[in-house]
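Geometric and topological summary
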Number of protein chains: 2
Amino acid sequence: MNDSPAPNLDRIFAALADSTRRAILLKLTDGDEGVMDLAAPFDMSQPAISRHIKVLETAGLVTRYRQGTHRLCRLAPDTLGQIEPWLDMIADRYRRKYNRLDAVLETMKPSQKGDN
Amino acid sequence: MNDSPAPNLDRIFAALADSTRRAILLKLTDGDEGVMDLAAPFDMSQPAISRHIKVLETAGLVTRYRQGTHRLCRLAPDTLGQIEPWLDMIADRYRRKYNRLDAVLETMKPSQKGDN
DNA sequence: ATCATTCATAACAATATTGTTATATAAGGA
DNA sequence: TCCTTATATAACAATATTGTTATGAATGAT
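Residues numbered from 1 in each chain as written. Chains lettered and ligands numbered in written order. Predicted model: local features only at pLDDT ≥ 70, side-chain atom pairs only at ≥ 80, totals over all residues. Heavy atoms only, no water.

Within helix 2 (residues 19-28) of chain A, burial applies to Thr20(A), Arg21(A), Arg22(A), Ile24(A), Leu25(A) and Leu28(A). At the N-terminal boundary of helix 2 of chain A, the capping side chain belongs to Asp18(A), with an oxygen 2.8 Å from the backbone nitrogen of Thr20(A). (Buried < 20%, exposed > 50% of the residue type's maximum accessible area, 1.4 Å probe, protein only. Helix = DSSP H or I, 4+ residues; strand = E, 2+ residues; numbered from the N terminus. Polar contact = N/O pair within 3.5 Å; in protein donor to acceptor, adjacent residues only side chain to side chain.)

In this section: the pairing of strand 2 (residues 70-75) of chain A. Residues and elements named next belong to chain A. Pairing geometry for strand 1 (residues 62-67) and strand 2, over six bridges, is antiparallel. When the bridges of strand 2 are listed, Arg66 appears paired with Arg71. Hairpin connection between strand 1 and strand 2: a loop of two residues separates the two successive antiparallel strands, and Gly68 in this loop has a positive phi of roughly 60°. (Pairing = 2+ DSSP bridges.)

Our focus in this paragraph is the protein's contact with DNA strand D. Taken together, 21 residues form the shell around DNA strand D, and within it Ser45(A), Arg51(A), His52(A), Ser50(B) and Arg64(B) come nearest. Near-protein atoms of DNA strand D (within 4 Å) split between backbone and bases, with sugar and phosphate holding 62%. With respect to DNA strand D, the side chain of Ser45(A) contributes an N or O atom lying 2.6 Å from a phosphate oxygen. In this structure, Arg71(B) approaches DNA strand D through a side-chain N or O atom, which is 2.9 Å from a phosphate oxygen. Within the residue set of the surface near DNA strand D, elements represented by two or more residues are helix 4 (46-58) of chain A together with helix 3 (35-39), helix 4 (46-58) and strand 2 (70-75) of chain B. Here the surface near DNA strand D is built from residues that sort into six nonpolar, nine polar and six charged. (Near = heavy atom within 4 Å. Nonpolar A, V, L, I, M, F, W, Y, C, P; charged D, E, K, R; others polar.)

Moving on: the side chain of Thr29(B). One can find Thr29(B) in the loop between helix 2 (19-28) and helix 3. For Thr29(B), a relative accessible area of 1% corresponds to the buried category.

Judged by side-chain charge, Glu84(A), Asp88(A), Glu84(B) and Asp88(B) come together as a negatively charged surface patch. Counting only elements with at least two residues in the negative patch, the list comes to helix 6 (83-98) of chain A together with helix 6 (83-98) of chain B. Take Asp88(A): it is sitting in helix 6. (Patch = residues over 30% accessible without salt bridge, like charges linked within 9 Å, V, L, I, M, F, W, Y side chains within 5 Å. Areas by Shrake-Rupley, 256 points an atom, 1.4 Å probe, with all protein chains shown as cover. Salt bridge = Lys/Arg side-chain N within 4 Å of Asp/Glu carboxyl O. Lys, Arg positive; Asp, Glu negative; His and termini not counted. Charge placed at Lys NZ, Arg CZ, Asp CG, Glu CD.)

We now examine the relation of the copies chain A and chain B. With an RMSD of 0.0 Å, the fit of chain A onto chain B corresponds to turning through 180° and sliding 0.0 Å along the axis. What the rotation and shift describe, once combined, is the action of a two-fold rotation axis. (Least-squares fit on C-alpha atoms with pLDDT ≥ 70 in both.)

Side-chain pairing between opposite charges can occur once the charged atoms of the two side chains come close. Counted under the stated rule, the structure contains ten salt bridges over all chains. Note that Glu57(A) and Arg64(A) form a salt bridge whose closest N and O atoms lie 3.2 Å from each other. Classification of Glu57(A) by relative accessible area gives partly exposed; the value is 29%. Residue classification places Arg64(A) among the buried residues on the basis of a relative accessible area of 17%. Between Arg74(B) and Asp32(B) there is a salt bridge, and its shortest N-O distance comes to 2.9 Å. Taken together, the positions of Arg74(B) in strand 2 and Asp32(B) in the loop between helix 2 and helix 3 put the pair 42 residues apart, joining distant regions of the chain.

Contact geometry for helix 6 of chain A and helix 2 of chain B: axes closest at 9 Å, N-to-C directions at 25°. Classified by the angle their axes make, helix 6 of chain A and helix 2 of chain B are roughly parallel. Contact residues: Trp86(A), Met89(A), Ile90(A), Arg93(A) and Tyr98(A) in helix 6 of chain A; Arg22(B), Leu25(B), Leu26(B) and Leu28(B) in helix 2 of chain B. (Axes fitted to C-alpha atoms, helices over the stretch in contact; angles between N-to-C directions. Parallel < 35°, antiparallel > 145°, perpendicular 65-115°, else oblique. Contact = heavy atoms within 4.5 Å.)

Attention now goes to the protein's contact with DNA strand C. Lining the immediate environment of DNA strand C, one finds 22 residues, of which Ser50(A), Arg64(A), Ser45(B), Arg51(B) and His52(B) sit closest. Those atoms of DNA strand C that come within 4 Å of the protein belong to sugar or phosphate at a rate of 62%. Gln46(A) places a side-chain nitrogen or oxygen 2.8 Å from a base nitrogen of DNA strand C. Between Thr69(A) and DNA strand C, the recorded distance is 3.2 Å, taken from a side-chain N or O atom to a sugar or linking oxygen. Residue classes in the surface near DNA strand C are distributed as six nonpolar, nine polar and seven charged.

In structure tokens, the structure reads:
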């Protein structure tokens, strides 16, 4: 029914796994920009940037709208927030397992266990 | 000088961009596990899991140690924390730019600007 | 209408990723 | 030593990613 409703973590993380795309997101925190302006700092062709932006858009990290002859890109910050619940879950579970004093010994490598 | 000191964001994000690898990390929050145990829930060959683990290890998300015939995997939680500064920077800059009341109009699309 | 600018898309090559099967290696036990 | 279990690695195929150049389409200006 819904074809591309929830940009999933796979796509979000994959989109972030590229320094060019992260730099684009960073630049967009200063305000919306068109493709040519975003491409300027990079030693890369315009189509390449165009596709990087499409990756960001598909991941839901960027939205676009037309302004005259330009298609401005805008950061979609909520999508970035989608990864926090996952990070928090991992961190919470880790803390619950390991950050209890009585669990410290259990977390030590067997080789260390006897080293006292 | 230091050859692989800072597993960079590229590798970390890329490692996280796969549900199998995220599931492995999640499982490791319950405690260290060997490759076979980690592989069990997945409909995937042992070598495949072995390489997923290597991706996680290369990204610095997992460390390993030998226990008898097993090589146990352990979550390296600090590495996950490395992505937070980047996320925070983006979020902070975004807020600074957009979350001021007097900037709201500026952030609206031109088409919306006149809609009042 | 014509032209310049902005951007997208197609076609292609190079490389990376991911999975498989077959096989090697390493440690422990009989 | 020989066997078993746990894991890594090699070789390979399928697919995905990323970049390039060439070209198409949309918009605004003259």
